[in-house]
Amino acid sequence: MSGHKLSLVVNGERVEADVPSNRLLSEFLRDDLALTGTKRGCETGVCGACSVLVDGDVVKSCLSLAVQMNGREITTVEGLGRVGALHPLQQQFMEKGGLQCGYCTPGFLMAAVDLLKRNPNPDDAEIREGLSGNLCRCTGYQGIVDAIRSTAEAGHGA
Amino acid sequence: MPDTLAHPVRFGSNAGQPVTRRDGIAKVTGTATFTADNSPENLLHAVYVPATIARGRVTHLDVAAAEAHPGVTMVMTPGNRPALQGDPSAKPTMFSFRIEVLQDDSVRYAGQPIALVLGETLEAATEGARLLNPRYAAEPARTRIDDDEAAPVEPGGFGRPAGVEHGDVAAGHAAATKAIDVTYETSAQYHNAMETHAVVAQWEGDKLSLDVPSQALLMSCAGYAYFFGIPAENVTIRAPYLGGGFGSKAIPTGPQVLAILAAKETGRPVKLMLTRQQMFGPVGHRGATRQRLRLGIDDGAALTVIDHEGLAATSSFDDFVEPAANASQGLYAAGALRSAHRAVRLDVGTPGPMRAPGEASGSAALECAMDEMAEAAGIDPLEFRLRNYAETEPGTGKPYSSKALRECYMQGAERFGWSGRPLLPRQMKDENGLLTGWGMGTALFPCPMFAADARATLRSDGSALVETSAIDMGQGAWTALAQIAADSLGLPLDMVEFRAGHSSLPDGGVAGGSGHTATAGGALHAAGGDVIRQLGEIAAADPESPLHGAGNAAFSARDGRLYVDGDDSRSDSFADILARAGSAELVGNGSASRAPEDAEKFSMHSHGAVFAEVKVDPDLCQVRVTRMVGAFAAGRIINPKLAESQLLGGMIWGISFALHEEAKHDPRTGRIVNADFAGYHVPVNADVTGLEVLTVHEDDPYVNALGIKGVGEIGIVGSVGAIANAIWHATGHRIRRFPIRIEDLLTA
Ligand code: FES
Ligand code: FES
């Protein structure tokens, strides 16, 4: 598969890469950039485990090709916050028990960032509706809603 | 039952606390490493080809086309598959099932692996697999429960449940003044952990190292070792995190064994990760059932008989028969009890244990039947259950090790507001005109224990290292087990380093049966106790210790100090005791399992009561669960936050069972037509509102040293029936088939 030159920003850093045209964004992030926080759960756009932000909007990286990302800015869970400097949503997911196995968690976090950007003060029904593109099989749904609500209440919604 | 501990286990300040999970930080930052996140140097990617027929033979594979694809390095078929030392039909460990590893060209179910392709990239291997373009000689597929003759189950341990009979069943039927005879069906369900099955395999000589999600690390080592003819010690498994398991990740599966074989053959590390579609095949599922329940009552609404016959679908080549009918044992005080199992062999993958195996399907039918019996008797379903409350185990008369079910009923009903419930259906509407109904179900789950070992090492600075190959598949082992270990050592949690998730550690047993916290926790508790005992001996013999000469007096450990029991003025710090003894560290070992005679003495179960409210659109028949309260008594709760999360998760699985999950076969091809998350429905957040969990206090001095009963599975058990019964209460329709669909209600 022929290579394509790609220049983009991932988690604030400029990345230049050569990718085959059939490489999914999810595989590009996980395999080429070793950003394995982004998960594979279905590869058909249903589960949301692979959610990342592209230019600030949530995108399912299993439905995007890496070559489409030229000139774009991507944020993965690794870029959301780190130990010692957690994003408020990361802090709340931990405290409110918004996770069990944690496999769906990066995707839920990215979807939640997008949700709060669009609606800084969602009610519970809006939170649930806003997360309908993400599955948690374990399931930590209650804690996830609690985490997003408390993040919004603390004024970190925007 | 006594409600106080006979020999109270002293617990410090760690257990019982809603400690935030210790693995949370890794999981929210994306640094928790799951199997497929590992990519060693020089990696090859493996992709297998799933059969698209359900019975027959593979007659042709276009190997040349696949091999010619750039980046494809190997195509493995039955024609060239390197030898395996173990027999694919053998069952090397507990829970094993027969696997397909290209041993021949036969196809036993759709989704079975029929070839494996290796590539330098995932894309190359995927395309190579597609190019194989198999042709088949297909035979008619049997995929529905009526597609073949049912046969009685020959009892034989795991997967072949024995029937049970207590009392005079014929007399029980004859004595009934009112009776029901109802048949309920449950659908095939697939575990579908969010992390699909995967493996990263690397060989060094005859040593095999695996990243693989496993619910039983040491047992899995033995299983893999068997297939490759090497000692179990030669296999190392790393599995710090599992992206869910639910019963499907305890044993080696065919695709994983093939990937390991490919690594051996190529001399390179190999990664294989199932696609979501591939999760509907060789990795187990909950088999479909059809259950007939005949219940009878006397004039006082006392059950004269519960007669429960289960028919379960299993594969054509192996035994796993869903022990659904056994859910009727141990719960209600019926005069006579019978459970019987039959199986039908179909062209489907072999079923296996899936979260609350037996109980989930069996209780779904039983709790609905109880509701129907209560209706026939004209009494409230809760009152009916209370009239048939078992004070000792029905049939055997064994005492329960503890049973706070009555309290669960009362507290759950109170919280839910059950008391105003109209007896007849179709009596309640909400402000939008939606039919509203309330239903309930009882939850019961056994408390098995496996066997586990652990090691605790007290270090010279007074901190400790505790180790066991425990498994965290989301339930919170990293936290709850560390809490138990810290208490056993009398140390604050942050002084305890906990190592788990690696097969080189002492055997942490099996994360299954809701028994992991009790078993691995019990081993950790014993290991800590062993350290404290040795420390006491050293201190008592040390003239410089304030504890010198304390002789046989018991010691207790708190905050890194050892105290003479009942005399707080005499104490010594761990670090000082070790320093004076010139010891750099002190090692203690512990193990836990249940003595068979203890298992004989008591009936050991967790209990619960689930209350559900549903709203049903009178025209469209769309059903929504709007409220659920589950009250559970499960012995000692180590971490209320984690336990609540487990119980809620179980209740959501109950919603899923009642309303969503069903694998549907195309009768012509035998394939599952909805083998992905678009077609196989599980609840999303929008399906889940108003859930509440109450844990009812329970001290159990007999179930195990820690009094833990387990919370991983019971949440699903009463929930399914509660929802179905609420749907009847809202609509007046009994839908005797799960999941309950809109079309069932529209045509009822
Ligand atoms: S992996 Fe992308 S949505 Fe599931
Ligand atoms: S926490 Fe396991 S899938 Fe969500």
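Predicted model only: the values in this text are computed from it and were never measured.

Novice: Honestly, the overall build of chain A in this entry has me stumped. Any pointers?
Specialist: Each helix and strand counted, chain A has six helices and five strands in total. Seen in sequence order, chain A has helices and strands lined up from the N terminus as β-β-α-β-β-β-α-α-α-α-α. Against the globule reference of 15 Å for 158 residues, chain A gives a C-alpha radius of gyration of 15 Å, in line with a compact fold. Over its C-alpha atoms, taken along the principal directions, chain A stretches across nearly 50 × 30 × 25 Å. Expressed as a percentage of its 158 residues, the buried residues of chain A come to 56%.

Novice: What should I look at first to understand the domain arrangement of chain A in this one?
Specialist: Think of interface size as the accessible area that goes away when the parts come together; that is how it is often given. All names here are of chain A. Here the domain parsing of chain A yields domain 1 (3-80) and domain 2 (88-153). Of note, the centres of domain 1 and domain 2, computed from C-alpha atoms alone, are 21 Å apart. Taken together, the contact between domain 1 and domain 2 spans 15 residues of the former and 14 residues of the latter. Looking at the side of domain 1 that touches domain 2, the elements that each hand over two or more residues are strand E3 (51-54), strand E4 (57-60) and helix H2 (77-80). Grouping the constituent residues of the side of domain 1 that touches domain 2 by class yields eight nonpolar, five polar and two charged.

Novice: Is there a simple way to think about the pairing of strand E16 (residues 336-346) of chain B in this case?
Specialist: Every other side chain in a regular strand lies on the same face of the sheet, so the side chains alternate between the two faces. Residue and element names in this part refer to chain B. By the criterion of burial, E16 is predominantly enclosed, with eight of the 11 residues buried. When strand E7 (residues 150-152) meets E16, the two strands line up antiparallel, connected through three bridges. Of the residues in E16, the one forming a bridge with Pro152 is Arg342. In this sheet, E16 lies alongside strand E8 (residues 164-166) in antiparallel orientation, the contact comprising three bridges. Counted as the bridge partner of His166 is Leu337 from E16.

Novice: What should I look at first to understand the interface of chain B and chain A in this one?
Specialist: Residue-level contacts link 44 residues of chain B with 51 residues of chain A. For the side of chain B that touches chain A, the elements supplying multiple residues, two or more each, are helix H1 (24-28), helix H3 (122-131) and helix H14 (640-659) of chain B. No other element matches the five residues that H14(B) contributes to the side of chain B that touches chain A. Taken together, the residues that form the side of chain B that touches chain A break down as 21 nonpolar, 15 polar and eight charged.

Novice: Honestly, the environment of Ala179(B) in this entry has me stumped. Any pointers?
Specialist: All names here are of chain B. When you line up the elements, Ala179 lands in strand E9 (residues 178-186). Sequence separation between Ala179 and Thr304 is 125 residues; the distance between their C-alpha atoms is 9.4 Å. Discounting chain neighbours no more than four positions away, the residues touching Ala179 are Arg294, Leu295 and Gly296.

Novice: Can you help me understand the confidence of the model for chain B in this one?
Specialist: For residues with low pLDDT, the predicted coordinates do not support detailed interpretation. Residue and element names in this part refer to chain B. Taken residue by residue, chain B gives an average pLDDT of 95. The fraction at 70 or more is 98%. Predicted confidence is poor over residues 1-10, with pLDDT under 50, and the contacts of this stretch with residues over four places away or in other chains come to 14 contacts. With pTM at 0.96, the complex prediction returns an ipTM value of 0.97.

The rules behind each value
- Residues numbered from 1 in each chain as written.
- Chains lettered and ligands numbered in written order.
- Predicted model: local features only at pLDDT ≥ 70, side-chain atom pairs only at ≥ 80, totals over all residues.
- Helix = DSSP H or I, 4+ residues; strand = E, 2+ residues; numbered from the N terminus.
- Rg over C-alpha atoms; globule rule 2.2 N^0.38 Å.
- Buried ≥ 20, exposed ≤ 12 C-beta atoms within 10 Å, placed from the backbone.
- Domains from an automatic or database assignment.
- Contact = placed C-beta atoms within 7 Å.
- Nonpolar A, V, L, I, M, F, W, Y, C, P; charged D, E, K, R; others polar.
- Pairing = 2+ DSSP bridges.
- pLDDT = per-residue confidence, 0-100.

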